Amino acid sequence: MAAIDETHDIRRHSWVASANGQSEFPIQNLPLGVFSPAGGPPRGGIAIGDMIFDIAAALEAGLFAGEARSAAEAAAGAALNPLMALGAGPRAALRKRVSALLAADGAERTRIEPLAGRLLHRAAECTMQLPAAVQEFTDFFAGIHHARNGGRRRDPNNPLNPNYKYVPVAYHSRASSVRPSDVPVRRPCGQRKRPEDPAPSYGPCRKLDYELELAVWIGPGNAQGEPIAIAGAADHIFGLGLVNDWSARDVQQWESQPLGPFLGKNFASTVSPWIVTPEALAPFRVAQPPRPEGDPRPLPHLWDEADQREGAFDIALEAFISTEGLRAKGLPPHRMSASNTTDLYWTLAQLVAHHTSGGCNLRPGDLFGTGTISGPTREGYGSLMELSEDGARATTLASGETRTFLEDGDEVIFRAHCHRPGFAAIGFGECRARLI
Ligand code: CA
């Protein structure tokens, strides 16, 4: 697991002034992504304050050597998959070098700062792309409060299926419709059937929802037939982001028996464009919360002492919506929920180990969603299905509007931050998209 080193030192400031004193992209974060500067082709970059560090430009300027150079070469193109394939060593070397290059007290500052015009782009003038070419997208169901809230409608006394505490439940979702933040999402049409309808009809989704999830980007991966052991599973996590698993609830409710979600889920998924690395997250690792008394211990192939001790993350999550009414009155987005990744029943390493335990091969750039991360109470519910109790209970916004499910023009915004005394706070940027 990533160590805490000088790149996490809260006293380290950057000569990129906007990075200092902000809780999103200070020099202690350095998340990776792919961006296009105005009029330029997509390329790998690192967020620093309100600027983007151009990895290809830094390579051209001869600023890298050794392992950091190998990583920079793999990260300079239009997708981060080649860097993802390299694993933790080169990624950590790139972080150390970029941190040194951008540090206010860096030994080479007098040489580097004059190159700022070539090395840095204003983020506001760039377009963020998908960080990787996504070939596979698996969506888990690891948020136990969400699973319980969903299951309660089926069976109030036994909301969780008997497998839930043994198997990290998931389904294979669709990679072709994964889009980065700011790409509008079209309301899907589909087959819907209310209980009172004698037959289904085809038309626009009437219960369009979001799901607040953590995005897990896969690193090196494994050969087919060779499972990744739980003890080494964390080494296959390239980094984390946010994902909105847009969900057409009426379509999902009609289609899901017996094979599970299909068209209710595969029309669009929005990911945040910046990937926060395990190195940046090292100070925010925590123990996996102990299972409640009476819950079974995971089977041995999903159990690792070190993973239980430090394999969870303390990441505060928030979901907001902005509506036409709020925007017209100049009001800020309405916060719908706040939860934390410690609300996950399984660690991310357990998801990786389980996914490969039958021999399935993971590849660099594969994407996992953790499943909706809801807190234990209504304030933490990470989907409108839960908040509205399937449409029965509306939320009133500051504009006077009410919402059960999403309406056209609504914008869904997810944010995530890590805080720990003695360390610089870091953020994930936004996962944001408007419904049209
Ligand atoms: Ca989901």
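Predicted model only: the values in this text are computed from it and were never measured.

Cut-offs and rules
- Residues numbered from 1 in each chain as written.
- Predicted model: local features only at pLDDT ≥ 70, side-chain atom pairs only at ≥ 80, totals over all residues.
- Heavy atoms only, no water.
- Helix = DSSP H or I, 4+ residues; strand = E, 2+ residues; numbered from the N terminus.
- Contact = heavy atoms within 4.5 Å.
- Salt bridge = Lys/Arg side-chain N within 4 Å of Asp/Glu carboxyl O.
- Buried < 20%, exposed > 50% of the residue type's maximum accessible area, 1.4 Å probe, protein only.
- Pairing = 2+ DSSP bridges.
- Axes fitted to C-alpha atoms, helices over the stretch in contact; angles between N-to-C directions.
- Donors = N, O, S within 2.8 Å, 3.2 Å for Na, K, Ca; no water.
- Phe/Tyr/Trp six-rings, centres within 6.5 Å; stacked < 30°, edge-to-face > 60°.
- Lys NZ or Arg CZ within 6 Å of the ring centre and 35° of its normal.

*Asks:* Describe the side chain of His-355, and please don't skip the residues or the numbers.
*Replies:* Structurally, His-355 can be placed in helix α11 (residues 348-356). Aside from chain neighbours lying at most four places away, what touches His-355 is Thr-138, Phe-140, His-172, Cys-360, Leu-362 and Phe-368.

*Asks:* Now, about the pattern of salt bridges: what can you tell me, with residues and values included?
*Replies:* Per the stated rule, a full pass over the model turns up 27 salt bridges. With a shortest N-O distance of 2.7 Å, Glu-108 and Arg-97 are connected by a salt bridge. Linking Glu-108 in the loop between α4 (88-102) and α5 (109-112) with Arg-97 in helix α4, this pair joins segments that are eleven residues apart in sequence. The class of Glu-108 is partly exposed, set by a relative accessible area of 24%. Put simply, Arg-432 and Glu-411 hold a salt bridge, and the shortest N to O gap is 2.9 Å. Of the two residues, Arg-432 is situated in strand β24 (residues 426-434) and Glu-411 in strand β23 (residues 411-418); the sequence distance between them amounts to 21 residues. Classification of Glu-411 as buried rests on a relative accessible area of 9%. Ionic contacts of the salt-bridge type, sharing partners, join the residues Asp-209, Glu-211, Asp-245, Arg-249 and Lys-265 into one network.

*Asks:* An account of the sheet that holds strand β19 (residues 334-340) is needed here, citing residue identities and associated values.
*Replies:* An order of β19-β18-β23-β24 is seen for the four strands of this open sheet, with the pairing classed as antiparallel. Because the sheet does not close on itself, it has two edges, and the strands there are β19 and β24. Direction aside, neighbouring strands of the sheet carry axes that sit 15° apart on average. Bridge analysis of strand β18 (residues 316-322) against β23 gives seven bridges, and the strand direction is antiparallel.

*Asks:* Can you explain the coordination of the calcium ion? Please cite residues and give values.
*Replies:* The protein atoms that coordinate the calcium ion are Asp-139 (OD), Glu-211 (OE), Glu-213 (OE) and Asp-245 (OD), at distances of 2.2 to 2.3 Å. In the primary sequence, the donor residues of the calcium ion line up as D-x71-E-x1-E-x31-D. In this pair, Glu-211 sits in the loop between β11 (208-209) and β12 (212-218) while Asp-245 sits in the loop between β13 (237-244) and β14 (247-248), placing the two residues 34 residues apart along the sequence. Asp-245 shares its class with Glu-211; the two are buried.

*Asks:* So what's going on with the packing of aromatic side chains? Which residues, and what values?
*Replies:* Tallying each qualifying case throughout the model produces six aromatic pairs. Each ring, one from Tyr-210 and one from Phe-414, has its centre 5.7 Å from the other, and the planes form 65°; the classification is edge-to-face. Linking Tyr-210 in the loop between β11 and β12 with Phe-414 in strand β23, this pair joins segments that are 204 residues apart in sequence. Residue class for Tyr-210 comes out buried when judged on its relative accessible area of 0%. Cluster of aromatic residues (ring-pair linked, three or more members): Phe-141, Tyr-164, Tyr-345 and Trp-346. Taking the ring centre of Trp-346 as reference, the NZ or CZ of Arg-291 above it sits at 4.6 Å. A cation sits over an aromatic face here: Arg-415 above Phe-320, 4.4 Å from the ring centre.

This is a description of form; function is not addressed.
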